[in-house]
Amino acid sequence: MAHTIIRRVAMATLGFAVCEAPAHAQDDVDSTPRLEVVVVTAQRRSESLQDVPIAISALDARTLREGGYVDVEDLSGQVPNLQVSALWGTSAPKIFMRGVGNNNFNQTAESKVASYVDQVYLGAPSGQLFQMFDLERVEVLRGPQGTLYGKNATGGAISVASRTPTAIPGGYARLGFGNYDAIEAEAAINVPLSDAVQTRTAATYRKRDGYVTDLGTNEKVNDADQWAARSIWRFKPSDDLEVLLNVHGGASSSTHNNSTHRGLFDPAALALGQTVRLPSAQIIAGGGVDILGYRDPNADPYVNTYGTPTFADIDLFGTSLLANIGLGDYTLTSITGYERSKRHVLQEGNGAPSTIFTIDWGPSDFQQLSQELRITSPDDARFKWVAGLFVFDESGEVNNFYRLTSVNFALGFDAFDQFYEQNTRDYAAFGQGTLELTDTLSLTLGARYTYEERDIDHVTYIGDENRNHILAFVDVDLEESWSEWSGRIALDYKPSASLMFFASVNRGFTTGGFNTGAFNDPVGAAEIFDPEILTSYELGMKSTLFSERVRFAATTFLYDYKDLQVFTFTPSGQQFIENASDAKASGLELELQALLTDRLEVTASAGLLRTEYENFVRGSENLSGNRMIGAPEEQFALGFRYEQPTPFGNVTARGTFTHTGHRYYDERELEEISSQGSDYNLDGSVTWTDPRERFSVSLWGKNLTDETTIIDVVDVGLFGYQNVWYNMPRTYGVTLNYDF
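Residues numbered from 1 in each chain as written. Predicted model: local features only at pLDDT ≥ 70, side-chain atom pairs only at ≥ 80, totals over all residues. Heavy atoms only, no water.

K.L.:
Talk me through the pairing of strand β24 (residues 415-436); I want residue IDs and the actual numbers.
P.N.:
As defined by bridge partners, strand β23 (residues 383-404) adjoins β24 across 21 bridges and the pair is classed as antiparallel. The partner of Phe383 across the bridge, within β24, is Leu435. Relative to strand β25 (residues 441-463), β24 runs antiparallel, the two sharing 22 bridges. Among the inter-strand pairings, Asn423 is bridged to a residue of β25, identified as Asp455. The hairpin turn running from β24 into β25, its antiparallel successor, is four residues long. (Pairing = 2+ DSSP bridges. Helix = DSSP H or I, 4+ residues; strand = E, 2+ residues; numbered from the N terminus.)

K.L.:
Now, about the sheet that holds strand β40 (residues 710-716): what can you tell me, with residues and values included?
P.N.:
Backbone hydrogen bonds hold the strands of a sheet together, and the pairing may be parallel or antiparallel. An order of β18-β41-β40 is seen for the three strands of this open sheet, with the pairing classed as antiparallel. Across the chains shown, the open sheet's two edge strands, defined by having one partner strand only, are β18 (260-263) and β40. The mean inter-strand angle of the sheet, taken between neighbouring strand axes irrespective of direction, is 25°. As paired elements, β18 and strand β41 (residues 721-726) share four bridges and run antiparallel to each other. From the neighbouring strand, Arg262 faces β41, where its bridge partner is Gln722. (Axes fitted to C-alpha atoms, helices over the stretch in contact; angles between N-to-C directions.)

K.L.:
I'd like a rundown of the sheet that holds strand β19 (residues 303-304), residues and numbers included.
P.N.:
Ordered by their spatial adjacency, three strands build an open sheet running β15-β14-β19, and the pairing between neighbours is mixed. Two strands in the sheet have a free side with no partner beyond their single neighbour: β15 (219-221) and β19. In this sheet, β19 lies alongside strand β14 (residues 212-214) in parallel orientation, the contact comprising two bridges. Across the sheet, Thr213 pairs through a bridge with Val303, a residue of β19.

K.L.:
Describe the pattern of salt bridges, naming the residues involved and giving the relevant values.
P.N.:
Any two side chains of opposite charge can pair, on the condition that their charged atoms come close. Overall, the coordinates contain 39 salt bridges when judged by the stated rule. A salt bridge links Glu110 to Arg454, with the shortest nitrogen-to-oxygen separation between them at 2.3 Å. Taken as a pair, Glu110 in the loop between β6 (100-101) and β7 (113-117) and Arg454 in strand β25 lie far apart in primary sequence, 344 residues in all. Each of Arg98, Arg142, Glu538, Glu589 and Glu591 takes part in a single network of salt bridges with overlapping partners. (Salt bridge = Lys/Arg side-chain N within 4 Å of Asp/Glu carboxyl O.)

K.L.:
Account for the nonpolar core, with residues named and values stated.
P.N.:
If you look at soluble globular proteins, the nonpolar side chains tend to sit buried side by side. In this structure, Phe357, Trp361, Tyr402, Phe569, Val716, Phe719 and Tyr721 are the most contacted members of the largest nonpolar core, which totals 22 residues. Breaking this core down by element, the ones donating at least two residues are β22 (357-376), β23, β31 (550-569), β40 and β41. In this view, Tyr721 contacts His261, Arg262, Gly263, Leu264, Asp290, Gly349, Asn350, Ile356, Phe357, Val714, Asp715 and Val716; residues no more than four positions away in its chain are not counted. Listed in part, the 20 residues of the second largest apolar core include Ala42, Ala114, Ala153 and Phe390. (Core = buried A, V, L, I, M, F, W, Y, C linked by side-chain atoms within 4.5 Å. Buried < 20%, exposed > 50% of the residue type's maximum accessible area, 1.4 Å probe, protein only. Contact = heavy atoms within 4.5 Å.)

K.L.:
Hey, could you go over the pairing of β7 for me, with residue numbers and the actual values?
P.N.:
The buried count for β7 comes to five of five residues, which makes it a mostly enclosed element. The alternating pattern of β7 places Val113, Ser115 and Val117 and Ala114 and Tyr116 on opposite faces, both of which are buried. Pairing of β7 with strand β10 (residues 156-162) involves five bridges; the strand directions are parallel. Paired with Val117 across the two strands is Val160, which belongs to β10. In this structure, β7 lies alongside strand β8 (residues 120-121), joined through two bridges in antiparallel fashion. Residue pairing across strands places Tyr116 opposite Tyr121, the latter belonging to β8. Counting the residues in the hairpin turn of β7 and β8 gives two residues, including Asp118, whose phi is positive at 50°.

K.L.:
Pulling in residues and values, what's your account of a nonpolar patch on the surface?
P.N.:
On the surface, a cluster of nonpolar side chains totalling about 670 Å² of accessible area is made up of Ile189, Phe648, Trp688, Phe695, Leu736, Tyr738 and Phe740. Relative to the helices and strands, Ile189 resides in strand β12 (residues 182-192). Under the relative-accessibility criterion, Ile189 is labelled partly exposed at 41%. (Patch = residues over 30% accessible without salt bridge, like charges linked within 9 Å, V, L, I, M, F, W, Y side chains within 5 Å. Areas by Shrake-Rupley, 256 points an atom, 1.4 Å probe, with all protein chains shown as cover.)

K.L.:
I'd like a rundown of the environment of Leu322, residues and numbers included.
P.N.:
Within the secondary structure, Leu322 is located in strand β20 (residues 311-327). Ignoring any residue separated from it by four or fewer positions in sequence, one finds Leu322 in contact with Gln119, Glu242, Val243, Leu244, Ser334 and Ile335.

K.L.:
Run through a negative patch on the surface, naming residues and quoting values.
P.N.:
Residues Glu397, Glu421, Asp457, Asp475, Asp477, Glu479, Glu480, Asp530 and Asp563 make up a contiguous surface patch of negative charge. Element by element, the count of residues in the negative patch is highest for strand β26 (residues 469-496), at four residues. For Asp563, a relative accessible area of 39% gives the class partly exposed. (Lys, Arg positive; Asp, Glu negative; His and termini not counted. Charge placed at Lys NZ, Arg CZ, Asp CG, Glu CD.)

K.L.:
Any chance you could break down unusual backbone geometry for me, citing the residues and the numbers?
P.N.:
Leaving glycine out, the prevailing phi sign among residues is negative, and the prevailing peptide bond configuration is trans. Positive phi, normally seen in glycine, also occurs at Asp563, with a value near 55°. Looking at the element boundaries, Asp563 is found in strand β31. If you check the backbone angles, Asn703 has positive phi at about 50° while not being a glycine. Here Asn703 shows up in the loop between β39 (695-702) and β40.

K.L.:
Give me the lowdown on the packing of aromatic side chains, citing residues and values where you can.
P.N.:
Any pair of aromatic rings gets described here by the distance separating the centres and the angle formed by the planes. Here the structure, examined in full by the defined rule, presents 19 aromatic pairs. The interplanar angle of 75° and the centroid separation of 5.6 Å between the aromatic rings of Phe416 and Phe519 together place this pair among those described as edge-to-face. One end of the pair, Phe416, is in strand β24; the other, Phe519, is in the loop between β28 (513-514) and α5 (522-525), and 103 residues separate them in sequence. Across the pair, Phe519 and Phe416 agree in class, each one buried. An aromatic cluster is defined as three or more aromatic residues linked by ring pairs; in this entry it consists of Tyr116, Tyr121, Tyr149, Phe390 and Phe392. Just above the ring of Phe557 sits the side chain of Arg98; from NZ or CZ to the centre is 4.0 Å. Over the aromatic face of Phe133 sits the side chain of Arg230, whose NZ or CZ is 4.2 Å from the ring centroid. (Phe/Tyr/Trp six-rings, centres within 6.5 Å; stacked < 30°, edge-to-face > 60°. Lys NZ or Arg CZ within 6 Å of the ring centre and 35° of its normal.)

Function cannot be read off these values alone, since they describe shape.
Right under this line is the structure:
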């Protein structure tokens, strides 16, 4: 597989390199339209996207605004080999990149794709969907980022950059309306108070009705009601000092993202007192019942009957202080960040009127404090380097209540009341340098050493529905520490200003931890899982062709996993993480951006992926050779942007088509625990902008073909049912925007 991929990349590279030759004849034509240079800070210094020897995708402010991207979930399908789903609403997004991710839904489930907002790492999952407004750009770095983005960045990193204050006054106001009675409002204002002090304040609000009908109450569930705000103050008293103070927050209050119900048991056998699981085809066809004999009568996935009202409340607050201090030719950067995330979710357990159980997730309260110091060499040096220190401290308190209403655990008890407090302290030192060996060849070396310690006080009481405790079923007090190194070695070769080849080896890891999901398993709660290690081998190229009218990038990679952490939700309802397997993955990623005319721009991307577990044996099951969870074998995207000037202003049409291949949501490769096929999505918009480019009106639509997609499945085999989550149906609306 890997050799085939390399041959494809080589052929594609040769073809584009040959095509580049005649383009130089047009370089002197100044009137030729060109693609704008995309500047990124992936290596902690400002560089052109085409000069960075990393597999990276970048979305600029125009793309984010016109594409209607309002949270990290919207990036799914737009970036090769990236999948994001929010089946738990905003409380716990699931991010997978190149098949690497975390399907753990507990409050301590740190993502293996690290999220950064304005260079501050976000540890709590519930804070990762809120700050996608008034942005300068979003950078998506694929592959393990073990040096400069060291905190759990096994799969990659998503770095969100807010628009910062400038010396030019201005702002915008935006108001939108859509189906499901949706209202969206967003505004920002930039105020220069003096030559040395500027401020920019932005806020967003979104509200809509739900898209799933609850026949029990005749109300809509899976609604949305959230806001977020940010204020950034920029102080620049001299050329050698710049300080950015960032204060932000947000909240969400909605019904929980309710699932549908799918039975697993043979109804005839259940009538005889036997629990027999049906074959996959019959389960998918809706022929099964749960332990109580219930079968969902609604074929429509957006119509259901629930036995318990649900809710999901999230409150966020954070602040950061970034200082860039000039030390002659060098720059010292300090980033201090504080984040607090509160979450409280009531989940209806089985998506049926006869509720088997409910889970009260929370209230939970996570607070983190991080500090990074780094010093950067001059940009024009032949040897460019960055070195730094990183400290991270997080504490979390959780109280979960698992209540059984129609059955019990065959122990005569009705509920489990779980409490735990976990503390994490992380210390790291890192450095990376790039040496220009010749005018065309450069060598990059980077390394990071991390020491992390964790402790937890975890207790679960058996009790009744009124939270009267009978006895402590789980009672563990654990502490553990780990030290790991990660790093990068890369060569990049630039035979011309418009062509670059690179090869790299990257090593990253995800830290170890405790099984906080083991509320009903005293043995599992006492087990500690170790860090997982991922080594990546990559070859790539980037080119700018046809007088800067075309950009093309290709990357092929091979992953070698050791001690892979696998989250398992057993048929009996137990949850645990174990270092269960090694794994291999390989893939190919292509990205193309072309300005075909001065009015028409086309984008395309593709991701091919092959993954498999190795040496994975669990009990009597040999899972070796199975595909990794959440890893489609192919993903494609095609988009266009066409702008037509008229005497009455500009009209811009935009469209994006994405395809994501079949993927499994369970390591057993059961068809009923999968997406059950490929997914397709079509988004589009038409925008009119007045001649002064101040006022605009957009008509937009998402999932225009109204495709129905299974985004996740959780199998509760003990009680004979599955929770099945579906995507959001077609949405459309109108947005008014005014720039001032």
